[in-house]
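Here's the letter readout for the chains.
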Amino acid sequence: MALLPSLKRTKIVVTVGPASDDFDAMQAMVRAGANCIRLNMSHSTPEESALVVKQARSISTKLNKPLAIIVDLQGPKIRLGQLPAEGLVLRAGSELTFAYGDSYSEGKPIPVQHDIAKYVKAGQPLFLRDGMVEIRVAKVRGGVISGKVLNNGMVYSKQGINLPDTDFGGDIITPKDIEDIAFAAAHDVDYVALSFVQKAKDIQGLRQRLRRLNADCGIIAKIETKVAVANLREIIQAADGVMVARGDLAVETKPEQVPIIQKQIIDYARECQKPAIVATQMLESMINAPQPTRAEVSDVSTAVVQGADAVMLSGESAVGKYPVEAVALMRRIITYTEANRFDSIAATSFGDQTQSNAISAAAITLANQIGARLILAETSSGQTARNLCSFRPEPLIVAVTHQARVYNQMALMWGTRSYLVKNPAKVTEEVIRMLRQELGVTQGEVIIRASGKNPGVAGGTDTLRIEVI
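Residues numbered from 1 in each chain as written. Predicted model: local features only at pLDDT ≥ 70, side-chain atom pairs only at ≥ 80, totals over all residues. Heavy atoms only, no water.

Draft legend 1. Expanded view of the side chain of Ser-44. Tracing the sequence through the fold places Ser-44 in the loop between strand S2 (36–40) and helix H2 (46–63). At 2.6 Å, the side chain of Ser-44 forms a polar contact with the side chain of Ser-49. (Helix = DSSP H or I, 4+ residues; strand = E, 2+ residues; numbered from the N terminus. Polar contact = N/O pair within 3.5 Å; in protein donor to acceptor, adjacent residues only side chain to side chain.)

Written as structure tokens, this is what we have:
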């Protein structure tokens, strides 16, 4: 069965920043292969973010291409306060104290921009500067954390703190996050990514906030803590998608554990029929160089081989010198890997034994037997497309919907091209016209169509047809 030309199955998420937030740069990235726009709220103002959303929707309409928008919340990013300009030298074996505050004074505890003394316990580790310096907590009293430095190092103002063994008890949504959640609801974005998730109740709490704002955004759980790894299954089940946030994850666990955790996350997300994004430093050297390292190319290719729904660019597209080139290069890696992989990520079964999954499995079997390159799934909620996607089939999944939200959210799903139609009752005619224009589908080609007897009704897919264009 020949794949449709120049189509990649694994999607690309791009972070928009100063290097790429104007209309022309964003459009160029989408033309180069970007499927999803990420707004990093740690570095973006509401005014800047609103303009990006407006431009993204305009580009999507202009290019007739679905484009998902993710608002990525900052979360309780714990950082040191203001330190001397020359930094602080830390010596192994010395004793240190930390307390909630903004600026450093000699003889006083080192300031921390979050009141972590409420959560930290004696015996737990505390890492500074992305794991470069480790502190072992000795005691916590009166809001002051005392600990012993385990290795020499240097720290500077506002550098991050990691607490891999600390349970924040669900207190992970900050006042800034609350403002950004309201922004996401007001601007009708497609997904909200929740940082530093630890348990399923973190997802449930965010969902309640979104519902109170009458927002139907999907929720992406960022897996970047040791506690989240321990609660992985319940978190993915509660969320609408998952991100492997490998930067903090490598500090919170151990670097050698991250590749295995990444594979576990991707596998379980597929089983739950949720999209999995692999993120952080995928083409990091392209922030300053026009070509990536061999290791980075292998890293992207490995994520594709493992079956990730999407791979993500962060600094490469937000602040790098070559944002469009990074997207184009990532697309080349994806398409080559998908065309030349020596094994298969297709599954014979995934998810619960429901009618919807049975219909999806039958559709794929039928497509393989007759050599159909397309499975056309009429879907109101997107669930039929998600079912099909979890099997990682060779035929392209064409998701047809009359819901604008579903149309854009499907841009994040592996092997899926979504189309928006106004009239669910006239799906076939509209979509076949678009398939001919965009994908070169020709007269006489056979496709598989999955639909329901009541077009536009969620959960009604019950029929398979073999149709000839």
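Draft legend 2. The arrangement of the packing of helix H12 (residues 355–370) against helix H13 (residues 383–390) in detail. In the contact formed by H12 and H13, the axes pass within 9 Å of each other and the chain directions differ by 55 degrees. Judged by the inter-axis angle, H12 sits oblique to H13. Remark: the crossing between H12 and H13 carries right-handed chirality. Seen from H12, the contacting residues are Ser-356, Asn-357, Ser-360, Ala-363 and Ile-364; seen from H13, they are Thr-384, Asn-387 and Leu-388. (Axes fitted to C-alpha atoms, helices over the stretch in contact; angles between N-to-C directions. Parallel < 35°, antiparallel > 145°, perpendicular 65-115°, else oblique. Left-handed = near helix turned anticlockwise from the far one by under 90°. Contact = heavy atoms within 4.5 Å.)

Draft legend 3. Structural context of the pattern of salt bridges. All told, the structure shown has 17 salt bridges when counted by the stated rule. Here Arg-373 and Glu-445 are joined by a salt bridge, their closest N and O atoms 2.9 Å apart. With Arg-373 in the loop between H12 and strand S17 (374–378) and Glu-445 in the loop between helix H15 (427–439) and strand S20 (446–451), this residue pair connects regions lying 72 residues apart in the sequence. One connected set of salt bridges, linked through shared partners, spans Arg-57, Asp-188, Asp-190, Asp-216 and Arg-405. (Salt bridge = Lys/Arg side-chain N within 4 Å of Asp/Glu carboxyl O.)

Draft legend 4. Structural context of the nonpolar core. By size, the foremost hydrophobic cluster in this structure holds 95 residues, and its most contacted members are Phe-98, Leu-126, Leu-128 and Met-330. Sequence-distant contacts of Met-330, that is, excluding residues within four places in its chain, are made with Ile-12, Met-282, Leu-283, Val-300, Val-311, Met-312 and Leu-313. Within the second largest apolar cluster, 18 residues are counted, among which are Ile-364, Leu-388, Cys-389 and Ile-397. (Core = buried A, V, L, I, M, F, W, Y, C linked by side-chain atoms within 4.5 Å. Buried < 20%, exposed > 50% of the residue type's maximum accessible area, 1.4 Å probe, protein only.)

Draft legend 5. Here's a closer look at helix H9 (residues 294–306). Between its first and last C-alpha, H9 extends 18 Å over 13 residues, near the 18 Å set by a 1.5 Å rise per residue. Buried within H9 are the following residues: Glu-296, Val-300, Ala-303, Val-304 and Gln-306. As for H9, its buried residues are in contact with helix H8 (258–271), strand S15 (276–279), strand S16 (310–313) and helix H11 (323–340). (Expected span 1.5 Å × (residues − 1).)

Draft legend 6. Spatial organisation of the packing of aromatic side chains. All told, the structure shown has one aromatic pair when counted by the stated rule. Ring geometry for Tyr-119 and Phe-168: centres 5.0 Å apart, planes at 50 degrees, overall tilted. Highlighted residues: Tyr-119 in the loop between strand S6 (110–112) and strand S7 (125–128) and Phe-168 in the loop between strand S11 (161–162) and helix H3 (175–186), separated in sequence by 49 residues. Each of the two residues, Tyr-119 as well as Phe-168, counts as buried. (Phe/Tyr/Trp six-rings, centres within 6.5 Å; stacked < 30°, edge-to-face > 60°.)

Draft legend 7. Looking closely at the sheet that holds S15. Spatially, eight strands are ordered S1-S2-S3-S12-S13-S14-S15-S16 in a closed barrel, and the strand pairing comes out parallel. On average, each strand axis in the sheet is tilted by 25 degrees relative to the strand beside it, whichever way the strands run. Bridge analysis of strand S14 (residues 241–245) against S15 gives four bridges, and the strand direction is parallel. Across the sheet, the residue bridging to Ala-245 is Ala-279, located in S15. In this fold H11 packs onto strand S1 (11–15) and S16, with an angle of close to 155 degrees to the strand it touches most, S16. (Pairing = 2+ DSSP bridges.)

Draft legend 8. Region of interest: the pairing of S14. For S14, the buried fraction is high: five of the five residues fall into the buried class. The side-chain alternation of S14 yields two buried faces, one formed by Gly-241, Met-243 and Ala-245 and the other by Val-242 and Val-244. Strand direction decides the pairing type here: strand S13 (residues 218–223) and S14, joined by four bridges, are parallel. Bridge pairing in S14 links Ile-223 to Val-244.

Draft legend 9. Highlighting the pairing of S13. Taken across its six residues, S13 has six buried, putting it largely inside the fold. Along S13, one buried face is formed by Gly-218, Ile-220 and Lys-222 and the opposite face, lined by Ile-219, Ala-221 and Ile-223, is buried too. Relative to S13, strand S12 (residues 191–194) runs parallel, the two sharing four bridges. Within S13, the residue paired with Val-192 across the bridge is Ile-219. Read as a crossover between parallel neighbours, the route from S12 over helix H4 (residues 200–212) to S13 is right-handed. (Right-handed = clockwise from strand over helix to strand, strands pointing away.)

Draft legend 10. The arrangement of the sheet that holds S6 in detail. Across the sheet, which stays open at both edges, the six strands sit in the order S6-S5-S9-S8-S7-S11 with mixed pairing between neighbours. Edge positions in the sheet fall to S6 and S11, since each has one partner strand and no second. Across four bridges, the pairing between S7 and strand S8 (residues 133–141) is antiparallel. In the sheet register, Leu-126 faces S8, and the bridge partner there is Ile-135.

Draft legend 11. Highlighting unusual backbone geometry. A positive phi angle, near 55 degrees, is found at Phe-196, a position not held by glycine. Here Phe-196 shows up in the loop between S12 and H4. Using a relative accessible area of 13% as the deciding quantity, one classes Phe-196 as buried. Of note, Gln-281 is a non-glycine position whose phi angle comes to about 60 degrees, a positive value. Summarising the element assignment, Gln-281 is placed in the loop between S15 and H9.

Draft legend 12. Up close: H4. An ideal rise of 1.5 Å per residue puts 18 Å on 13 residues; H4 measures up with 19 Å between its terminal C-alpha atoms. Here H4 has its buried residues at Ala-200, Asp-202, Ile-203, Leu-206, Arg-207 and Leu-210. End-on, the buried residues of H4 take up no more than an arc of 155 degrees, which puts them together on one face. Against the buried residues of H4 lie H3, S12, S13 and helix H6 (232–238). Where H4 ends, the next residue or the one after it, Asn-214, has phi of about 60 degrees, a positive value. (Arc of directions from axis to C-beta.)

Draft legend 13. Spatial organisation of the environment of Ser-60. For Ser-60, the position within the fold is in helix H2. Since its relative accessible area comes to 8%, Ser-60 is described here as buried. C-alpha separation for the pair Ser-60 and Asn-408, spaced 348 residues apart in sequence, amounts to 9.1 Å. Setting aside residues no more than four positions away along its own chain, Ser-60 makes contact with Lys-65, Pro-66, Leu-67, Tyr-407 and Asn-408.

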